[in-house]
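What the coordinates show
Chain by chain, the residues:
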Amino acid sequence: MIDRAGLAEFLRRRRESLQPEDVGVPRGRRRRTAGLRREEVAALCHISADYYSRLEQGRGPLPSDRLIAAIAQGLHLTLDERDHLFRLAGHQPPPRGATSEHISPGLLRIFDRLADSPAEIVTELSETMRQTPPSVALVGDNTRYSGPARSMPFRWFTDPTTRATYLPEDHERMSRVFASGARRVATLRGPGSKAARLVELLLRESPEFADLWHRHEVGATFADVKRFVHPEVGVLELSCQVLDDPAQSHRLLVYTATPGSESHRRLRLLSEVGARDIPDGVSVGEWFPQPDCGPTRASTDRQPR
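Residues numbered from 1 in each chain as written. Predicted model: local features only at pLDDT ≥ 70, side-chain atom pairs only at ≥ 80, totals over all residues. Heavy atoms only, no water.

Considerations on the overall build of the protein chain
From N to C terminus, the protein chain includes 14 helices and 5 strands. Here the protein chain holds 305 residues, and 50% of them are scored as buried. With an accessible surface of roughly 14800 Å², the protein chain has 52% of that area assigned to carbon and sulfur atoms. (Helix = DSSP H or I, 4+ residues; strand = E, 2+ residues; numbered from the N terminus. Buried < 20%, exposed > 50% of the residue type's maximum accessible area, 1.4 Å probe, protein only. Areas by Shrake-Rupley, 256 points an atom, 1.4 Å probe, with all protein chains shown as cover.)

Focus on unusual backbone geometry
In most cases, non-glycine residues show a negative phi, while peptide bonds are predominantly trans. Positive phi, normally seen in glycine, also occurs at His46, with a value near 60°. Among the residues examined, His46 registers a relative accessible area of 72% and is labelled exposed. Look at Ser249: it is not a glycine, yet its phi comes out positive at around 60°. On the secondary structure map, Ser249 appears in the loop between strand S4 (234–245) and strand S5 (250–256). Residue Ser249 is classed as buried on the basis of its relative accessible area, which comes to 15%.

What about the pairing of strand S2 (residues 128–131)?
The pairing of strand S1 (residues 119–122) with S2 spans 3 bridges and is classified as antiparallel. Within S2, the residue paired with Val122 across the bridge is Thr128. A loop of 5 residues connects S1 with S2, the two strands running antiparallel in sequence, and Ser126 in this loop sits at a positive phi of about 60°. (Pairing = 2+ DSSP bridges.)

Some remarks on the confidence of the model for the protein chain
Of all residues in the protein chain, 89% have pLDDT values of 70 or greater, and the mean over the chain is 85. This stretch, residues 275–305, has a pLDDT under 50; its non-local contacts, to residues over four places away or in other chains, come to 114 contacts. (pLDDT = per-residue confidence, 0-100. Contact = heavy atoms within 4.5 Å.)

Structure representation (structure tokens):
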């Protein structure tokens, strides 16, 4: 049963304890509210301000588990706080561990301060959960996918348009890295896991993946610099710094260019071009005219994306 009074009080206290800078929201000059405004929390949770206000007032319909999960993420709750919120709303808390998509508050706080850099938060299966605007401008909106297609390795082996973002000379190595990474995670999580099911699906749908899988290669890594050709700004060579959250098996990827380099200049230009000119649901590679060599991008993570 939902505890409306307890839910309302908990939401109100959590909202009042958050400051705008905690969640990447501009403070502004005229702020009298203690903590965040209700409309700011609603925007962070991707729900209407009216609906959120009714929850804080102990009114409204029973919130779904998906909505509660969105509120828990928007309020930057810890796992203990998330579970408490679910119980107040009358739901069983989601399981913790590798399959959880609740991003830790610490990782979110870092991510919220990277608005001017290409960055994303991904699961161990390289499913993008959050992207900064420069990241969307660089590679398109990777959060729009559903089902197995959420996984970058799955798209790599089943959707030819995914490879158009990378130089053809790098495709062979990237295929080896994705297959090796899939083996690592599937072995770690074991039979019947989400990772194992993804491998089974790829074995049925991709002869290339099947061939690489049966080679049993482990430990394959990306090059120190991954080369990308963006159709609007040209070639970019970017490093990728990786921050791991082992408790949730999430990774924060931040893409950078060497200061003073041509890639650094082009990355700044890309940020100026931004994602504002790209329609919703359309990737960068689909929107801009394609050069003969195909679009690309770059990074230097030492582990599979």
